[in-house]
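Spelled out from the first residue to the last, the chains are:
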Amino acid sequence: MISMYHTLIYDPLYNGLIFLMDVIPWADAGVAVIIFTILVKLILFPLSYRSVKTQLEMKRIEPELNAVKQKYTDKQEQARAIMALYKEKGINPFSGFFLILIQLPIIFALYSIFYNGGLPSVHGELLYSFVAIPDFINMKFIGLVDIAKKSIILSLLAGATQYFQIRYSMPIVPKKTENPTFKDDLARTMSLQMRYMLPVVVFFISYGISSVIALYWTVSNLFAIGQELYIRKTLKNNKTI
């Protein structure tokens, strides 16, 4: 398992960052992380596209979902009917979950590279044959922030961009009704926690590890916001949704 992680995640990320620092001499480690994050996001774009499209399709069939939930009171029958509806509409409700699963090893690998990997020192034995060791690695992002250390500013940016990314991508929090059911209260509570608590969690995690994670999170969130705007516009123009 560890060998597979190094082969598929850690080593490609490590080589990619070192390669960027070598071929773009003016790029400090932070700029290299930004460029590399954008490249990774572009590679994952097909998954992101399907994830956003799935969210919009699920919103579109929400009346049908509610009708199924009202028709079937038994939880098992309800679950089977919902999955049958998803299959009929060609919707994969787990597409967003797969995207999250892919990104978690990337975050862990970046942390390992900058915290345990020993940058600016380079482990030549991990490099591919076509990747050369840079003459110098500048760890100061835009000459101000050592991204191997903590940065409250970058951590605040990570939390703030996470808030706006969630606010834009998640549906509006349902209003509290006069006689809410337990399910309605749970959905409202979960939505509020995602909207307001997750950015706080992101801030503390990124500040507790290193500013490279905060930088990665910030760029990822900004890319996700722009990506969602693009995908929504594309689907609307194509009248897919």
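This is a predicted model, so every value here is computed, not measured.

Undergrad: Hey, could you run me through the overall build of the protein chain in this one?
TA: Secondary structure summary: the protein chain contains nine helices and two strands in total. Beginning at the N terminus, the succession of helices and strands in the protein chain can be written as α-α-α-α-α-α-β-β-α-α-α. Taken over 241 residues, the protein chain has a buried fraction of 39%. Within the protein chain, contacts between residues separated by at least 24 positions form 76% of all contacts whose residues are at least 6 apart in sequence. Of the roughly 14600 Å² that the protein chain leaves accessible, carbon and sulfur atoms contribute 65%.

Undergrad: Any chance you could explain the environment of V52 here in plain terms?
TA: Positionally, V52 belongs in helix α3 (residues 45-60). For V52, a relative accessible area of 5% gives the class buried. A sequence separation of 179 residues divides V52 from I231, and the C-alpha atoms of the two residues are 7.3 Å apart. Beyond its immediate stretch of four places on either side in the chain, V52 contacts E228 and I231.

Undergrad: Is there a simple way to think about the side chain of D146 in this case?
TA: Note on placement: D146 falls in strand β2 (residues 145-146). Within the buried core, D146 has no salt-bridge partner, and the shortest N-O distance to an opposite charge, that of K149, equals 4.0 Å. Among all residues touching D146, those that are not within four sequence positions of it are M139, K140 and S211.

Undergrad: So what exactly am I meant to see when it comes to the packing of helix α1 (residues 2-23) against helix α2 (residues 29-43) here?
TA: The N-to-C vectors of α1 and α2 enclose an angle of 120°; their axes lie 9 Å apart at closest approach. Classified by the angle their axes make, α1 and α2 are oblique. The handedness of the crossing between α1 and α2 comes out as right-handed. From α1, P12, L13, G16, L17, L20 and M21 reach across to α2, where they touch A29, A32, V33, I35 and F36.

So, how was this worked out
Residues numbered from 1 in each chain as written. Predicted model: local features only at pLDDT ≥ 70, side-chain atom pairs only at ≥ 80, totals over all residues. Heavy atoms only, no water. Helix = DSSP H or I, 4+ residues; strand = E, 2+ residues; numbered from the N terminus. Buried < 20%, exposed > 50% of the residue type's maximum accessible area, 1.4 Å probe, protein only. Contact = heavy atoms within 4.5 Å. Areas by Shrake-Rupley, 256 points an atom, 1.4 Å probe, with all protein chains shown as cover. Lys, Arg positive; Asp, Glu negative; His and termini not counted. Salt bridge = Lys/Arg side-chain N within 4 Å of Asp/Glu carboxyl O. Axes fitted to C-alpha atoms, helices over the stretch in contact; angles between N-to-C directions. Parallel < 35°, antiparallel > 145°, perpendicular 65-115°, else oblique. Left-handed = near helix turned anticlockwise from the far one by under 90°.

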